[in-house]
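Residue-level listing of the chains:
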Amino acid sequence: RNGTAAAAAAAAASVTTMCLLAASLTVMTASPPPPSSSSSPSSSASSASSASPPLSRATPTLASPSPPSPPTARQGELPLLYFGVDYYPEQWPREMIEEDLRRIRHELGADVIRIGEFSWHLIEPSNGRFDFEFWDHVLEAAKSAGLKVMFGTPTATMPAWLANGYPEVLSHDVDGRPRVFGGRRQYSFNSVLFRQYAARVTNKLLKRYGGERNIFAWQIDNEFGHEGSEDDYSPSSAAAWHVWLSWKYGKNITDLNQRWGNIFWSQTYNAFEEVPMPQRTITQHNPALLVDWRRFRSESIRLFLDEQSTVVRHFAWEGGQVTHNYPGGFFSKSMDFEVLSKHLDFVSYDNYPVWGGLEKPLPPAWVAMSLDIARSMLRAEDGRGRR
C-alpha cells in the first residue's frame, strides 16, 4: 500500500461508462426464506427483523420473456459525468477509512465511490442474522467527505454458509458437476431457493439504506455472465429449460420438432422433458437447440434482474437510480443486452483495456466498439434512454 490511498483506489478502479435512462418498474415484494433451524434467528442491534413465511422449494418456473411495463420518468437527474472509484473498505484496516475518503475526494478529486457489491457475508454473517454497523460507518464517512455513493447489491458472492447448507443453489458445469464454493458467481439463476435468499438480503439492504439520498445509484449484482457464469447445467436449470420450451412452443412438442428439423439424425422428441441441455455429445447438438438454449439463458438472467430491480425500486428514494455493470466480451455471452437493460435507469460497462493474462492493452478500436455497444443498449427512440 505505497503512495496515497487515492492512488491505490484509482489503480484498482474500473472505468464505468454510463448511458442515462429514466425508468421505474411496478413494485412487488419478494418473500424471503427463513433462517435454518441450526442458525440463530435473532438479528444484531443494527438490523431490521421480520417474520418470514415458510420457504417453498418448488421446481423453478419461468415466465414468458416479455419486457417489463413501460417505465415512467423518475426524479433525480444525474450530472453529465461523475468521476469515481471502486472502493472496498472491508479489505483494509477500519482506521484508514476516513483518511482514504479524504484523499479520494480532495487529492484524487473524485465525486463518487462504488461500494458493497461483494459483501454478502459481511451483511449476513449467518443465516437470517443481519449486521449493517460497518456500512453505517462507511456511508456516514463518505457523506462527511463529500462523496456520493453507488451501492452494489451483494448477490454475486454468496456466503459459504449458503453454498454449503443448501447445495441446490449452486450452478453446474457442462459435465454436470456442481461448482464448489470459492471465486464468485457460483449460483444458479434458475434456483428458486437462491433467488429467495438473494431477494431477502437485497430487501434488508434497501430497507436499511433505500432512503439515503447520498446514495445516487444502486448497482444490481456484478457483471452478469462474466467468466462463463451464465451457463448452468444444474437440475434447476434443466427443469426451467423444459418449462421455457413448453411455453415457447405452445405446449406442442410437434411444433418444436418441426421448427428444429428434428427428423434429421432421428432427434425427434415425444415430450419436452426429453429435450437435453447442450452438454457434451458426439459431434454437436442441433443448432436450433443451441440458439434456443442461449435465449433461455438470457431469459433466466432477465428474471433475476427483474426480481432484484423490483426490490430496489420499492425501497429506493425517488432519485435513486438503478444500473448494472456489464462486463466486456459481449459476443461470447448468452445475453440479450437490450432486453436486460430495459430494467435499468442507465447502463454501466466495466472497461478493462488490460485484463487477466493479456500482455498488452486491447486495441483502441476494440475499446471504442465496446463503448458503442454499451451506449446502444438503451435507445433514445425508446423514449426512456438519453444519449
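Residues numbered from 1 in each chain as written. Predicted model: local features only at pLDDT ≥ 70, side-chain atom pairs only at ≥ 80, totals over all residues. Heavy atoms only, no water.

1. What about the nonpolar core?
So, step 1. Ranked by size, the top nonpolar core spans 61 residues in total, and within it Leu-101, Ile-113 and Phe-151 carry the most contacts.
So, step 2. When residues of this core are assigned to their parent elements, the largest contribution, 8 residues, is made by helix α6 (residues 192–209).
So, step 3. With residues up to four places along the chain from it excluded, the contact list for Phe-151 reads Ile-115, Gly-116, Trp-135, Leu-139, Leu-205, Tyr-209, Ile-215, Ala-217, Trp-218 and Gln-219.
So, step 4. Among the nonpolar cores identified, the runner-up in size contains 17 residues, and Ala-240, Trp-244, Phe-272 and Trp-293 belong to it. (Core = buried A, V, L, I, M, F, W, Y, C linked by side-chain atoms within 4.5 Å. Buried < 20%, exposed > 50% of the residue type's maximum accessible area, 1.4 Å probe, protein only. Helix = DSSP H or I, 4+ residues; strand = E, 2+ residues; numbered from the N terminus. Contact = heavy atoms within 4.5 Å.)

2. Overview of the packing of aromatic side chains
Geometry of an aromatic ring pair is reported as the spacing of the ring centres plus the angle between the planes.
So, step 1. For the structure shown, the criterion picks out 29 aromatic pairs.
So, step 2. Plain terms: the ring middles of Tyr-166 and Tyr-197 are 5.5 Å apart, the flat faces sit at 45° to each other, and that makes the pair tilted. In this pair, Tyr-166 is assigned in the loop between α5 (160–165) and α6 and Tyr-197 in helix α6, connecting sequence segments 31 residues apart. Tyr-197 carries the same exposure label as Tyr-166, and that label is buried.
So, step 3. The structure contains a cluster of three or more aromatic residues connected by ring pairs, namely Phe-130, Phe-132, Phe-134, Trp-135, Phe-151, Tyr-209 and Trp-218.
So, step 4. Above the face of the Trp-293 ring, Arg-297 is positioned so that its terminal group lies 5.6 Å from the ring centre. (Phe/Tyr/Trp six-rings, centres within 6.5 Å; stacked < 30°, edge-to-face > 60°. Lys NZ or Arg CZ within 6 Å of the ring centre and 35° of its normal.)

3. Points about helix α9 (residues 287–315)
So, step 1. The terminal C-alpha atoms of α9, which comprises 29 residues, lie 43 Å apart, in line with the 42 Å expected from a rise of 1.5 Å per residue.
So, step 2. Where α9 begins, the capping side chain belongs to Asn-286, and its oxygen is found 2.8 Å from the backbone nitrogen of Ala-288. (Expected span 1.5 Å × (residues − 1). Polar contact = N/O pair within 3.5 Å; in protein donor to acceptor, adjacent residues only side chain to side chain.)

4. Quick look at the environment of Arg-375
So, step 1. The topology assignment puts Arg-375 in helix α11 (residues 364–376).
So, step 2. A relative accessible area of 44% places Arg-375 in the partly exposed class.
So, step 3. Sequence spacing of Arg-375 and Phe-346 is 29 residues, and the spatial spacing of their C-alpha atoms is 9.4 Å.

5. With respect to the environment of Ile-301
So, step 1. Relative to the assigned elements, Ile-301 resides in helix α9.
So, step 2. A relative accessible area of 0% means that Ile-301 is categorised as buried.
So, step 3. C-alpha of Ile-301 to C-alpha of Gly-225: the two residues are 76 residues apart in sequence and 8.5 Å apart in space.
So, step 4. If near-sequence neighbours (up to four positions away) are discounted, Ile-301 is found in contact with Phe-189, Phe-224, Glu-230, Ser-334, Met-335 and Leu-340.

6. Brief notes about a nonpolar patch on the surface
So, step 1. A grouping of Ile-263, Phe-264 and Trp-265 is seen on the molecular surface, where their side chains present a nonpolar patch of about 430 Å² in accessible area.
So, step 2. The topology assignment puts Phe-264 in the loop between α8 (253–260) and α9. (Patch = residues over 30% accessible without salt bridge, like charges linked within 9 Å, V, L, I, M, F, W, Y side chains within 5 Å. Areas by Shrake-Rupley, 256 points an atom, 1.4 Å probe, with all protein chains shown as cover. Salt bridge = Lys/Arg side-chain N within 4 Å of Asp/Glu carboxyl O.)

7. Digging into unusual backbone geometry
So, step 1. The phi angle at Glu-223 is positive, at roughly 50°, despite the residue not being glycine.
So, step 2. Even without being a glycine, Ser-266 presents a positive backbone phi close to 55°.
So, step 3. Tracing the chain through its elements places Ser-266 in the loop between α8 and α9.
So, step 4. By relative accessible area, which is 65% here, Ser-266 ends up exposed.

8. Comments concerning the confidence of the model for the protein chain
So, step 1. Confidence along the protein chain averages 81 in pLDDT terms, with 77% of residues attaining 70 or more.
So, step 2. Segment residues 1–76 is flagged for pLDDT under 50; beyond a separation of four residues in sequence, or across chains, it makes 196 contacts in the model. (pLDDT = per-residue confidence, 0-100.)

9. Here's the deal with the packing of helix α2 (residues 97–106) against helix α4 (residues 133–145)
So, step 1. Relative orientation of the contacting elements α2 and α4 amounts to 35°, with a least axis distance of 9 Å. In the packing of α2 onto α4, the handedness of the crossing is right-handed. Between α2 and α4, the contacting residues are Ile-97, Glu-98, Leu-101, Arg-105 and His-106 on the first element and Phe-134, His-137, Val-138, Ala-141, Ala-142 and Ala-145 on the second.
So, step 2. Grouping the constituent residues of the contact of α2 with α4 by class yields 7 nonpolar, 2 polar and 2 charged. (Axes fitted to C-alpha atoms, helices over the stretch in contact; angles between N-to-C directions. Left-handed = near helix turned anticlockwise from the far one by under 90°. Nonpolar A, V, L, I, M, F, W, Y, C, P; charged D, E, K, R; others polar.)

10. Some thoughts on the pairing of strand β5 (residues 215–219)
So, step 1. Burial within β5 is extensive, with 5 of its 5 residues counted as buried.
So, step 2. Of the strand pairs in this sheet, strand β4 (residues 148–152) and β5 are connected by 4 bridges, and their pairing is parallel. Following the sheet pairing, Phe-151 is matched in β5 by Trp-218.
So, step 3. Note that β5 and strand β6 (residues 321–326) share 3 bridges and pair parallel. Paired with Ala-217 across the strands is Gln-321, a residue of β6. (Pairing = 2+ DSSP bridges.)

11. Some remarks on the packing of α6 against α9
So, step 1. It is the contact of α6 with α9, at a shortest axis distance of 9 Å, that shows an interaxial angle of 20°. Our classification of the angle between α6 and α9 gives roughly parallel. When you trace α6 past α9, the crossing you get is right-handed. Across the interface between the two elements, Phe-194, Arg-195, Ala-198, Ala-199, Thr-202, Asn-203, Leu-206 and Lys-207 of α6 pack against Phe-304, Glu-307, Gln-308, Val-311, Val-312 and Phe-315 of α9. (Parallel < 35°, antiparallel > 145°, perpendicular 65-115°, else oblique.)

12. Regarding the side chain of Ser-237
So, step 1. Note on placement: Ser-237 falls in helix α7 (residues 235–248).
So, step 2. What makes Ser-237 buried here is its relative accessible area of 0%.
So, step 3. Within the structure, Ser-237 has its side chain in polar contact with the backbone oxygen of Asp-232 (distance 2.9 Å).
So, step 4. If we ignore the near neighbours within four places in the chain, the residues touching Ser-237 are Asn-190, Asp-232, Met-277, Trp-293, Phe-296 and Arg-297.

13. Notes on the pattern of salt bridges
Any two side chains of opposite charge can pair, so long as their charged atoms come close to each other.
So, step 1. Evaluation of the coordinates by the stated rule reveals 23 salt bridges.
So, step 2. For Asp-86, the salt bridge goes to Arg-114, with nearest N and O atoms at 2.9 Å. Residue Asp-86 is located in strand β2 (residues 84–86), and its partner Arg-114 is located in strand β3 (residues 112–115); the two are separated by 28 residues in the primary sequence.
So, step 3. Salt-bridge contacts for Asp-255 lead to Arg-259; the nearest nitrogen and oxygen are separated by 3.0 Å. Here Arg-259 and Asp-255 lie together in helix α8, a separation of 4 residues that amounts to about one turn.
So, step 4. Taking relative accessible area as the criterion, Arg-259 reaches 60% and is therefore assigned exposed.
So, step 5. A network of salt bridges, in which partner residues are shared, links Glu-99, Arg-102, Arg-103 and Glu-107.

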